[in-house]
Amino acid sequence: MKAEKAINWFFLVHILFQFLKIHAKVPAIIVFGDSSVDAGNNNAISTLLKSNFEPYGRDFFGGKATGRFSNGRIPTDFISEAFGIKPIIPAYLDPTYTIEDFSTGVCFASAGTGYDNATSKVLSVIPFWKELEYYKQYQKDLRSYLGNEKANEVIREALYLLSIGTNDFLENYFLFPNGRSSQFSIEEYQEFLVGIARNFVTQLYSLGGRKISIGGLPPMGCLPLERATNFLSGGECIEKYNDVAKQFNQKLIGLVKELNMKLVGSSFVYSDPYGLLYDMIQNPSTYGFEDVAVACCGTGFFEMGYLCDMMNHFTCKDANKYVFWDSFHPTEKTNAIVADHAVKGSLAQFLV
Ligand SMILES: *[C@@H]1O[C@H](CO)[C@@H](O)[C@H](O)[C@H]1NC(C)=O
């Protein structure tokens, strides 16, 4: 009798919780982008750009290497937690999750990808347009799982987070002299990418999305990998790349303004990681960091992906002392600070 009552209570609370989740102001967080927000989609595809092995994830729940490019959680996980939804956002291509999990948040991002189709080809990762195709399939699955009415509510009220663009410059434009840089000036290339961004989010809007955050570029000239190529000048940040990031971010701000005027009922926001990250890099001790020019993993100059593995005996003991985990990606601690900044800033209007 007692056990039965306890079970009834459990079910009531469970149902209430599910109800609250679906009727929260933001019932789900849906993520598009690159390695800054990839929760493990690259595990399921044939690419060299992976991170589902130690020491990646060593500070994640259960010390699990999920394919996130960090020692722990990524910003979107912390944002989901701050919105009271769940502590991690699962990868769409991870077969251990179902539409029930995805109904409150899902990640379509792929490490190594960019706005530009050509960028995704460099490391054979998921092109940006295909992330939207996966999202269309997700909508179908969501409708059969929740029914049309509830699914449409989730689609409309969900928060969409985009974080992409760094690879278009560092892995593509500036890397191949006979590629995009022979076709476009840097200014033209930025316009080309903004055009792709505009097209992408306009489609997302047509599909029912309303609350959409477009993330800006980080100070990409200060990533340890870029600094390492600059070692002849003392390993300083490459200011040329930082300037490009700033210019591009200005264009994204313009795009957000334009879309808010043009698309009725939409709430576009621009989320800026640049200012905060740049301050962290200039004043690491303010944030409790000791190292910023080199990363925790390996020598800290160039390792990422397979070069950052458990055989690398140089890897640091305490990642919390570092801004960067590998030569291209922040530590969990940095990710938490970046997420907190976004939740209190650009995303605050979407909190209940
Ligand atoms: C990228 O590729 C897709 C699929 O082939 C195509 O539909 C799209 O137009 C391409 N985007 C650009 C900007 O060329």
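An unreviewed UniProt entry lists the protein under the name GDSL esterase/lipase, with Cannabis sativa given as the organism. The UniProt entry for the protein carries the following comment under Sequence similarities (unreviewed entry): "Belongs to the 'GDSL' lipolytic enzyme family."

A separate point is the overall build of the protein. In terms of regular secondary structure, the protein is built from 13 helices and five strands. Relative to the 2.2 N^0.38 estimate, which gives 20 Å for 352 residues, the radius of gyration of the protein is 20 Å and therefore close to what a compact globule would have. Principal-axis analysis of the C-alpha atoms gives the protein an extent of 75 × 50 × 40 Å. Buried positions account for 46% of the 352 residues belonging to the protein. Excluding contacts between residues fewer than 6 apart, the proportion of contacts in the protein whose partners are at least 24 apart in sequence is 68%.

Omega for the peptide link from Glu 54 to Pro 55 comes to 0°, which places this bond in the cis form. Tracing the sequence through the fold places Pro 55 in the loop between β1 (29–33) and α2 (75–82). For Ser 124, which is not glycine, the phi torsion reads 50° and is therefore positive. Its place among the elements puts Ser 124 in the loop between α4 (117–122) and α5 (128–146). By the C-beta count within 10 Å, which is 13 here, Ser 124 ends up partly exposed.

On to helix α7 (residues 166–173). In terms of burial, α7 is a largely internal element, eight of the eight residues being buried. Along α7, the residues that are buried comprise Thr 166, Asn 167, Asp 168, Phe 169, Leu 170, Glu 171, Asn 172 and Tyr 173. The elements touched by buried residues of α7 are α4, α8 (180–183), α9 (186–206), α10 (224–229) and α11 (239–262).

For a regular strand, the rule is simple: side chains alternate between the two faces of the sheet. Burial analysis of strand β3 (residues 159–163) places five of its five residues in the buried class, which makes it a mostly covered element. What you see with β3 is no split at all: Leu 159, Leu 161 and Ser 163 on one side and Tyr 160 and Leu 162 on the other are buried throughout. Relative to β3, β1 runs parallel, the two being bridged by five bridges. Directly across from Gly 33, in β3, lies its bridge partner Ser 163.

What follows deals with the packing of α2 against helix α13 (residues 332–344). Running from amino to carboxyl end, α2 crosses α13 at an angle of 50°, the nearest separation of the two axes being 8 Å. When the axis of α2 is compared with that of α13, the two are oblique. The handedness of the crossing between α2 and α13 comes out as right-handed. For the pair formed by α2 and α13, the contact residues are Pro 75, Phe 78, Ile 79 and Ala 82 on the first element and Asn 335, Ala 336, Val 338, Ala 339, Asp 340, Ala 342 and Val 343 on the second. Grouping the constituent residues of the contact of α2 with α13 by class yields nine nonpolar, one polar and one charged.

Next up on the list: the environment of Gly 305. Following the sequence through the fold, Gly 305 ends up in the loop between α12 (274–282) and α13. Residues Gly 305 and Asn 52, 253 residues apart in the sequence, show an inter-C-alpha distance of 8.8 Å. Not counting residues up to four positions away in its chain, the partners in contact with Gly 305 are Leu 48, Leu 49, Lys 50 and Ser 51.

Attention now goes to the pairing of β1. With five of five residues buried, β1 is to be regarded as a mostly interior element. With burial as the criterion, each face of β1 is covered, one bearing Ile 29, Val 31 and Gly 33 and the other bearing Ile 30 and Phe 32. In the sheet, β1 pairs with strand β2 (residues 105–107) via three bridges, with the strands oriented parallel. Residue Val 31 lies in a different strand from β2, and its bridge partner there is Cys 107.

Attention shifts here to the environment of Ala 91. Residue position: Ala 91 is located in the loop between α2 and α3 (99–102). Classification of Ala 91 by C-beta neighbours within 10 Å gives buried; the count is 26. Residues contacting Ala 91, with those up to four places away along its chain left out, are Ala 39, Gly 40, Asn 41, Gly 67 and Cys 107.

Further remarks concern the sheet that holds β2. If you trace the five strands from one edge of the open sheet to the other, you get β2-β1-β3-β4-β5, paired in parallel fashion. With one partner strand each, in any of the chains shown, β2 and β5 (267–271) form the two edges of the open sheet. Strand-to-strand twist of the sheet, defined as the mean angle between neighbouring strand axes without regard to direction, takes the value 15°. Seen against the sheet, α2 touches β1, β2 and β3 and runs at an angle of roughly 165° to β1.

The rules behind these values
- Residues numbered from 1 in each chain as written.
- Predicted model: local features only at pLDDT ≥ 70, side-chain atom pairs only at ≥ 80, totals over all residues.
- UniProt positions renumbered as here; feature names shortened; annotations may be inferred.
- Helix = DSSP H or I, 4+ residues; strand = E, 2+ residues; numbered from the N terminus.
- Rg over C-alpha atoms; globule rule 2.2 N^0.38 Å.
- Buried ≥ 20, exposed ≤ 12 C-beta atoms within 10 Å, placed from the backbone.
- Contact = placed C-beta atoms within 7 Å.
- Pairing = 2+ DSSP bridges.
- Axes fitted to C-alpha atoms, helices over the stretch in contact; angles between N-to-C directions.
- Parallel < 35°, antiparallel > 145°, perpendicular 65-115°, else oblique.
- Left-handed = near helix turned anticlockwise from the far one by under 90°.
- Nonpolar A, V, L, I, M, F, W, Y, C, P; charged D, E, K, R; others polar.

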